[in-house]
Amino acid sequence: MKIQQKHVIESIFDALQYISYYHSPDFIQAMTNAYEKETHKAAKNAIAQILINSKMAVLGKRPMCQDTGIVNVFVEVGMDVTWAADLSLEDMINEGVRQAFTYANNPLRASIVKDPLFTRVNTKDNTPAVIHMKVVKGNQLNFIVAAKGCGSENKAKFSVLAPDDNIVDWVLKTIPTMGAGWCPPGMIGIGVGGTAEKAMLMAKESLMEPIDIQDITQKPNPSNLGKLRLELFNKINHLGIGAQGLGGLTTVLDVKIKDYPTHAASQAVAMIPNCAATRHLHFSLDGSGVAQLPEVDMDSYPQLEMDYSQYKKIDLNSLTRKQMAQWNIGDTLLLTGTIITGRDAAHKRLKQMLDNGEGLPDGVDFDNKFIYYVGPVDAVGDEVIGPAGPTTATRMDKFTDMMLDNTNILGMIGKAERGEDSTRAIKKHKATYLIAVGGAAYLISKSIKKAKKIAFEEMGMEAIYEFEVKDMPVTVAVDTQGHNIHSIFQDIQITH
């Protein structure tokens, strides 16, 4: 049977919609296991939020994370495949991506920019995908469709080690340098051998495999790769980075390794993490129709609800720096009141305006407010806003002094750690830095009761919004005295 063009396009569309709100069962089980054994309060709370958010996303058919990802497609093309198509396979895939990201009932955030060195203009439909093709025997197409968030993608690492260097030492030294912006707990994919690009590709491919580390522990005689996976799994988790970098027992849910023959003088090693929004789907097409996607068993989700009794309620509209001085790192808060949003492009533009003597944009009042680093998904139906989880705060470090010096903000909300200079600036201004859980975007969006764009509307998801929030859950990460909950990363790096 011939492969139909429309079946390829529709299958890609279906897969991307599906993975925007469905975690795979192996991930839910692994996260549930991590939750049940976790003893660190802040980390346990973060894992709970990720699991609650996952179930909410399924029920609402809305993205689990506001970063709906750069699309990665791995496709094996059978040598005997025949076609009923007038587009190339690459164009079919990109048409499926385009339709999935612009679907009216569940639009996905378009994050891809063209002309990456200069204008960085958003393509508006998240195309093009990153596509890897391989020709194999047979008469069908085998697809892996993944959506990779950049919080984790940006933490990819590569090195060429000497042939006798110890890969375990390199991994344990490198993991802490990745910080918490990749939203652990997640998976670590490692590629060893081949050439530089082959190692990176293997690391990415390994993340598409099921979570099965517990199966390895049951084997009486695991392979050498199996033993290495177990060693790294245990040693990474013993680093104590934990969920969202808050400490605890589980930093990784699995460690995957793929290898390939290489030059005698080389040991190329690549490492890529997958975040708590692990999204990939495998399917085949043989010409008989559109891919049939797996059914989801709702009973696989644990029965969890947010325990708001452990949080302290904060009225942002009357909050003072004196009150903030009573907060300690690790405190869990529920925020109610007005916050202003802004992320990379907005901060860059604010800097240009201040440098040019223009002042701040009309209608934007940062005074005595928090700025939330977020690029939300567009609202649908009666939603106030789409999924609106935090972006990595570290990217805004270079703007921290500017914002604290010129806007009188009380502090910032994001995810992951702050650098030493930012921490010093926060202490100097008696400000604070709060973290929301990366991977809980849909849950967080339900605490946003009003939303309106107030500046830079033409920048899409990078626009500045004013949010009215009620009981938005956050954790104190840097307090007014400059104590930093993520200082564990510096400690680990010094140790190693």
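Enquirer: Even after reading the chapter, I still don't get the overall build of the protein, so can you show me in this structure?
Expert: From N to C terminus, the protein includes 15 helices and 19 strands. The C-alpha radius of gyration of the protein comes to 23 Å, within 12% of the 23 Å expected for a compact globule of 496 residues. Structurally, the protein occupies a C-alpha span of about 70 × 50 × 50 Å along its principal axes. Taken across its 496 residues, the protein has 57% of its residues classed as buried. Long-range contacts, defined here as pairs at least 24 residues apart, represent 77% of the contacts in the protein between residues at least 6 apart.

Enquirer: Looking at this structure, how should I read the environment of Val136?
Expert: Counting through the fold element by element, Val136 comes out in strand 6 (residues 130-136). For Val136, a relative accessible area of 18% puts it in the buried group. Sequence spacing of Val136 and Met79 is 57 residues, and the spatial spacing of their C-alpha atoms is 5.9 Å. Once you skip the residues sitting within four places of it in the chain, Val136 turns out to touch Glu76, Val77, Gly78 and Met79.

Enquirer: Would you mind going over the sheet that holds strand 6 with me for this structure?
Expert: Spatially, four strands are ordered 6-2-7-12 in an open sheet, and the strand pairing comes out mixed. Of all the strands in the sheet, the pair left with one neighbour each is strand 6 and strand 12 (280-285). Direction aside, neighbouring strands of the sheet carry axes that sit 15° apart on average. Direction of pairing for strand 7 (residues 141-148) relative to strand 12: antiparallel, over a ladder of six bridges. Paired with Leu141 across the two strands is Leu285, which belongs to strand 12. Those strands touched by helix 1 (residues 5-21) are strand 2 (70-78), strand 7 and strand 12, and its axis lies near 160° from that of strand 12.

Enquirer: How should the side chain of Thr251 be read in this particular structure?
Expert: Along the chain, Thr251 turns up in the loop between helix 9 (224-237) and strand 10 (252-260). For Thr251, a relative accessible area of 0% puts it in the buried group. Among the polar contacts made by the side chain of Thr251, one reaches the main-chain amide nitrogen of Gly242 at a distance of 2.8 Å. With residues near it in sequence (within four places) discarded, Thr251 still touches Trp182, Pro184, Pro185, Gly186, Ile236, Asn237, Ile241 and Gly242.

Enquirer: Can you help me understand the environment of Arg418 in this one?
Expert: Structurally, Arg418 can be placed in the loop between strand 16 (411-414) and helix 13 (420-428). Separated by 22 residues in sequence, Arg418 and Met396 have C-alpha atoms that sit 8.8 Å apart. One polar contact links Arg418 to Asp397, side chain to side chain, over a distance of 2.7 Å. There is a polar contact of 2.9 Å between the side chain of Arg418 and the side chain of Thr400.

Enquirer: So what exactly am I meant to see when it comes to unusual backbone geometry here?
Expert: Trans is the prevailing form of peptide bonds, just as negative phi is the prevailing case for residues other than glycine. Cis geometry marks the peptide bond from Thr127 to Pro128; its omega dihedral reads 0°. In this fold, Pro128 is placed in the loop between strand 5 (121-122) and strand 6. The omega angle of the peptide bond from Pro184 to Pro185 is 10°, so this bond is cis rather than trans. Mapped onto the fold, Pro185 is located in the loop between helix 6 (167-174) and strand 9 (186-193). The backbone of Asn368 shows a phi angle near 60°, a positive value even though the residue is not glycine. Its place among the elements puts Asn368 in the loop between helix 11 (344-355) and strand 15 (370-372). Take Asn368: its relative accessible area is 32%, and that puts it in the partly exposed class. The residue Ala416 is not glycine, and still its phi comes out positive at about 75°.

Enquirer: Help me understand the packing of aromatic side chains, please; the structure alone is not making it clear to me.
Expert: The description of an aromatic ring pair uses the distance of the two centres, along with the angle that the planes make with each other. Applying the stated criterion across every chain, the model contains six aromatic pairs. Taking the centre distance of 5.2 Å and the plane angle of 90° together, the rings of Phe13 and Tyr103 count as edge-to-face. On the criterion of sequence distance, the pair formed by Phe13 in helix 1 and Tyr103 in the loop between helix 4 (89-101) and strand 4 (113-114) is long-range, its members being 90 residues apart. For Tyr103, a relative accessible area of 32% corresponds to the partly exposed category. For the ring pair Tyr21 and Tyr22, a centre distance of 5.1 Å and an interplane angle of 70° mean the geometry is edge-to-face. Just as Tyr21 is buried, Tyr22 falls in that class too. What links up through ring pairs into an aromatic cluster is the set Tyr18, Tyr21 and Tyr22. One residue, Lys198, lies across the ring of Tyr260, its end atom 4.5 Å from the ring centre. The ring of Tyr433 carries the charged tip of Arg418 above its face, separated from the ring centre by 4.9 Å.

Conventions and cut-offs
- Per chain, the residues get numbers from 1 upward, laid out in the order the sequence is written.
- For this predicted model, a pLDDT threshold of at least 70 governs which residues receive local features, and a threshold of 80 or more governs which side-chain atom pairs are given and counted, while totals over whole chains, interfaces and linings are taken from all residues.
- In computing side-chain properties, one takes all heavy atoms of the structure into account and sets aside hydrogens as well as water.
- A helix here means a DSSP run of H or I that spans at least four residues, while a strand means a run of E at least two residues long, and both kinds are numbered starting from the N terminus.
- As defined in this context, the radius of gyration uses C-alpha atoms, and a globule is described by 2.2 Å times the residue total to the power 0.38.
- Under the scheme applied here, a residue whose accessible area is under 20% of the maximum for its type counts as buried, over 50% as exposed, and between as partly exposed, the area being computed with a 1.4 Å probe on protein chains only.
- Between two residues, a contact is recorded if the distance between any of their heavy atoms is within 4.5 Å.
- Only strands joined by at least two bridges in the DSSP assignment are considered to pair.
- Axis lines are fitted to C-alpha atoms, over the contacting stretch for helices. Their N-to-C directions set the angle, which ranges from 0 to 180 degrees.
- Any N or O atom pair separated by 3.5 Å or less is treated as a polar contact, with the protein-specific requirement of one donor-capable and one acceptor-capable atom, and with residues adjacent in sequence counted only for side-chain atom pairs.
- Think of it this way: a Phe, Tyr or Trp ring, Trp meaning its six-membered ring, pairs with another when their centres are within 6.5 Å, and the plane angle makes it stacked under 30 degrees, edge-to-face over 60, tilted otherwise.
- The rule for a charge over a ring is simple: NZ of Lys or CZ of Arg within 6 Å of the ring centre, and within 35 degrees of the ring normal.

The analysis is restricted to geometry; functional conclusions fall outside its scope.
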